[in-house]
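As a plain string of letters, each chain reads:
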Amino acid sequence: MERAYFKQKMSGGKGAVSRAVDAVFLRAILFALLYLLLPKSTNRLAVAILLGIALCIVLQLIANARLKRFIARESLSIKNEIRRERLLIMPYDELRALIGEDKALIQKAEPITPNDLLETIKSPATVCYATADYTPQAKTLAQRLNPSLKLLDVCEAVDIQISDSELSHYIKSKMLLKKQQRRIGARLSAIGTWKFLLLGALITTLSFFTRYAVYYRLLASAAFIAFAVLSPYRRSLINSSKM
């Protein structure tokens, strides 16, 4: 489940169906390009299939490596988010004792604004820790009025260990919330039915360069039918989701 969450986030919010459609579309384009670029003297269909499989394997290995790096980076970000939530509800005096009395502390849930930072800028403190991000305006003001003041994340000062089970529970709760908020129309709109139209046109074009024209045109017809069926259904679902 956690892997599905990371895949969806890395793809910009696309669901499993949308990612599958994209993958099929990409591989169809790849196969078509290979078929067109290969010389006619060779058995183009067989060679294109073999090369397409090899390239798909390479692309999958690259995608797996990217996903692994993304999971590591995103897991760290989520753990920091959990830490901030804990530090946000921690009593102010207790949190101040953890970071040191000589450091400035701003305990807020919302981004730190210039007004929030003004008292710290005027104080003798050289380090300020906050439980939220600093706005660009706050950073600019601090740099202009007190260049020696360091604006840091409170997670850098307080090391709270977050277990893998806590991380898993946090991700599951976010996935459940998104699932409850998501509508069918939004999922279908992410697929992009125009891809079926483009795929049908591509396969139709290829049918003029192969001995298996009938089979290619049958596949193209299936793509056109999918476009014709899904397009009005997609529009009606999107309209109903706006009501």
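1. Comments concerning the overall build of the protein
No. 1: Summing up its helical and strand segments, the protein has 10 helices and three strands in all.
No. 2: Order of helices (α) and strands (β) in the protein, N terminus to C terminus: α-α-α-α-β-α-β-α-β-α-α-α-α.
No. 3: Residues classed as buried in the protein amount to 33% of the 243 residues present.
No. 4: Considering only contacts within the protein whose residues lie at least 6 apart along the sequence, 59% involve residues at least 24 apart.
No. 5: In the structure as shown, the protein presents an accessible area of about 15300 Å², 63% of it carried by carbon and sulfur atoms.

2. Topic: a nonpolar patch on the surface
No. 1: A cluster of nonpolar residues, Leu26, Val58, Leu59 and Ile62, forms a patch on the protein surface that exposes about 330 Å² of accessible area.
No. 2: Of the residues forming the nonpolar patch, the biggest block, three residues, is contributed by helix α3 (residues 44-89).
No. 3: On the accessibility criterion, Leu59 (37% relative accessible area) is partly exposed.

3. Topic: the pattern of salt bridges
Close approach of charged atoms lets side chains of opposite charge pair.
No. 1: For the structure shown, the criterion picks out seven salt bridges.
No. 2: Lys79 is the salt-bridge partner of Asp164, the closest N and O atoms lying 3.9 Å from each other. Here Asp164, found in helix α7 (residues 164-181), pairs with Lys79, found in helix α3; they are 85 residues apart in sequence, far enough to count as distant.
No. 3: On the accessibility criterion, Asp164 (57% relative accessible area) is exposed.
No. 4: Residue Glu166 is joined to Arg86 by a salt bridge in which the shortest nitrogen-to-oxygen separation is 1.9 Å. Here Glu166 is found in helix α7, whereas its partner Arg86 is found in helix α3, with 80 residues between them in sequence.
No. 5: A relative accessible area of 28% means that Glu166 is categorised as partly exposed.

4. Considerations on the nonpolar core
No. 1: Counting residues in each nonpolar core, the largest one holds 20 residues, and the members touching the most others are Phe6, Ile78, Leu87, Leu95, Ile99, Val154 and Val158.
No. 2: Mapped onto this core, the elements with two or more residues apiece are α1 (2-10), α3, α4 (92-99), β2 (127-130) and α7.
No. 3: Per-element accounting of this core gives the leading share, five residues, to α3.
No. 4: Once you skip the residues sitting within four places of it in the chain, Phe6 turns out to touch Leu67, Phe70, Ile71, Glu74, Ser75, Ile78 and Ile171.
No. 5: One finds Ile121, Cys128, Ala142 and Leu149 within the second-largest nonpolar core, a separate group that totals 14 residues.

Each value, and the rule that gives it
- Every chain begins its residue count from 1, and numbering advances along the sequence as written.
- Side-chain atom pairs in this predicted model are given and counted only at pLDDT of 80 or more, local residue features only at pLDDT of at least 70, and totals for whole chains, interfaces and linings cover all residues.
- With hydrogens and water stripped out, all remaining heavy atoms of the structure feed into the side-chain values.
- Per the convention used, a helix needs a DSSP run of H or I reaching at least four residues, while a strand needs a run of E reaching at least two, with both numbered from the N terminus.
- Exposure is judged per residue with a 1.4 Å probe applied to protein chains only, and the accessible area is read against the type maximum: over 50% gives exposed, under 20% gives buried, and values in between give partly exposed.
- Contacts are assigned to residue pairs that have any heavy atoms within 4.5 Å of one another.
- Computed with the Shrake-Rupley method and a 1.4 Å probe, the accessible areas treat only the protein chains shown as cover for residues.
- Here, patches come from residues exposed beyond 30% relative accessible area and free of salt bridges, joined within 9 Å for like charges and within 5 Å for nonpolar side chains (Val, Leu, Ile, Met, Phe, Trp, Tyr).
- Take a side-chain nitrogen of Lys or Arg and a carboxyl oxygen of Asp or Glu: if they are within 4 Å of each other, that pair is a salt bridge.
- For our purposes a nonpolar core is just a set of buried Ala, Val, Leu, Ile, Met, Phe, Trp, Tyr and Cys residues, chained together by side-chain atoms within 4.5 Å.

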